[in-house]
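# Breakdown of the fold
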Amino acid sequence: MEMTIEGLDIGVLINNVGVTYPGAMFFHEVDENIWKNVVKINLEGTNLVTMAVLPGMIRRRKGVIVNMGSGASIVVPSHPLYSIYAATKA
Ligand SMILES: NC(=O)c1ccc[n+]([C@@H]2O[C@H](COP(=O)([O-])OP(=O)(O)OC[C@H]3O[C@@H](n4cnc5c(N)ncnc54)[C@H](OP(=O)(O)O)[C@@H]3O)[C@@H](O)[C@H]2O)c1
């Protein structure tokens, strides 16, 4: 990841990537492949990109990072029908 952005002066990072379930489901109904994909993309992907970009911003003493959240983690506490997705957007 660091090699991909080497030499780039990234001033703004918008972490927009995000996936959820194909439809509303209770916790025990979510297929393992689906929830693992949600965690991988929403958490691992976002963290890896942020970890790669942030040191350059700190070095230059400027930069902005916007993380796309969701009402699923704010409006409805723990959102029962999207609980794993909501956790990745907390
Ligand atoms: N839609 C809503 O109602 C809603 C509400 C609250 C929050 N959000 C949040 O807002 C953000 C955008 O949502 P959206 O509805 O606009 O979603 P979207 O239309 O499905 O767009 C999601 C973006 O993520 C990218 N993406 C998905 N899987 C990827 C992967 N494995 N690797 C790289 N890129 C990948 C997609 O790229 P490609 O186009 O190349 O597939 C797309 O650009 C998300 O973080 C979501 O959680 C959405």
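Right, let's walk through the structure included here. Not measured: the values here are computed from a predicted model.

What counts, and where the lines are drawn
Residues numbered from 1 in each chain as written. Predicted model: local features only at pLDDT ≥ 70, side-chain atom pairs only at ≥ 80, totals over all residues. Heavy atoms only, no water. Near = heavy atom within 4 Å. Polar contact = N/O pair within 3.5 Å; in protein donor to acceptor, adjacent residues only side chain to side chain. Areas by Shrake-Rupley, 256 points an atom, 1.4 Å probe, with all protein chains shown as cover. Phe/Tyr/Trp six-rings, centres within 6.5 Å; stacked < 30°, edge-to-face > 60°. Helix = DSSP H or I, 4+ residues; strand = E, 2+ residues; numbered from the N terminus. Core = buried A, V, L, I, M, F, W, Y, C linked by side-chain atoms within 4.5 Å. Buried < 20%, exposed > 50% of the residue type's maximum accessible area, 1.4 Å probe, protein only. Contact = heavy atoms within 4.5 Å. Patch = residues over 30% accessible without salt bridge, like charges linked within 9 Å, V, L, I, M, F, W, Y side chains within 5 Å. Salt bridge = Lys/Arg side-chain N within 4 Å of Asp/Glu carboxyl O. Expected span 1.5 Å × (residues − 1). Bend = angle between axes of the 7 residues up to and from the residue.

### Points about the site of the ligand
Taken together, the neighbourhood of the ligand is formed by Asn16, Val17, Gly18, Val19, Ile41, Met68, Gly69, Ser70, Tyr85 and Lys89. Take asparagine 16: an N or O atom from its main chain is 2.8 Å from an oxygen atom of the ligand. At a separation of 2.7 Å, an oxygen atom of the ligand approaches a polar side-chain atom of tyrosine 85. Burial of the ligand by the protein chains amounts to 35% of its free accessible area of 880 Å².

### Comments concerning the packing of aromatic side chains
As enumerated under the stated definition, the model contains 1 aromatic pair in all. With a centroid separation of 5.4 Å and an interplanar angle of 20°, the aromatic rings of tyrosine 21 and tyrosine 82 are classed as stacked. Here tyrosine 82 lies in the loop between strand E2 (64-67) and helix H3 (83-88) and tyrosine 21 lies in the loop between strand E1 (12-15) and helix H2 (32-60), a separation of 61 residues in the sequence.

### Considering the nonpolar core
Tyr21, Met25, Val30, Val38, Ala72, Ile84, Tyr85 and Ala86 form the largest nonpolar core, which has 8 residues in total. A total of 3 residues in this core trace back to one element, the largest contributor, which is H3. Residue contacts for tyrosine 85: discarding those within four places in its chain leaves Val19, Thr20, Tyr21, Val38, Asn42, Ser70 and Ala72. With 5 residues, the next largest nonpolar core counts Ile5, Leu13, Ala52 and Met57 among its residues.

### Notes on the side chain of threonine 46
Residue placement: threonine 46 occurs in helix H2. Residue class for threonine 46 comes out buried when judged on its relative accessible area of 12%. Reaching out from threonine 46, the side chain makes a polar contact with the backbone oxygen of asparagine 42 at a distance of 2.9 Å.

### Comments concerning the side chain of threonine 50
Along the chain, threonine 50 falls in helix H2. Of the residues examined, threonine 50 reaches a relative accessible area of 17% and is grouped as buried. Ignoring sequence-local partners within four residues, the contact set of threonine 50 consists of Leu13, Asn15, Pro55 and Ile65.

### Some points on the environment of aspartate 9
Structurally, aspartate 9 can be placed in the loop between helix H1 (2-5) and E1. Only 2.8 Å separates the side chain of aspartate 9 from the side chain of arginine 60, close enough to count as a polar contact.

### Let's talk about a nonpolar patch on the surface
Side chains of Val12, Ile14, Val64, Val66 and Met68 sit close together on the surface and give an oily, nonpolar patch of about 420 Å² of accessible area. Looking at where isoleucine 14 falls in the secondary structure, it is placed in strand E1.

### Section: H2
Taking 1.5 Å of rise per residue, 29 residues should cover 42 Å, and H2 covers 41 Å from first to last C-alpha, within 8% of that figure. Approximately 30° is the largest bend angle found in H2, and it occurs at valine 53, with the proline proline 55 only one to four residues beyond. For H2, the complete set of buried residues consists of Val38, Asn42, Thr46, Thr50, Ala52, Val53, Gly56 and Met57. Buried residues in H2 make contact with H1, E1, E2 and H3. Its side-chain oxygen placed 3.0 Å from the backbone nitrogen of asparagine 33, aspartate 31 serves as the N-cap of H2. Just downstream of H2, arginine 61 is the residue with a positive phi angle, here 60°.

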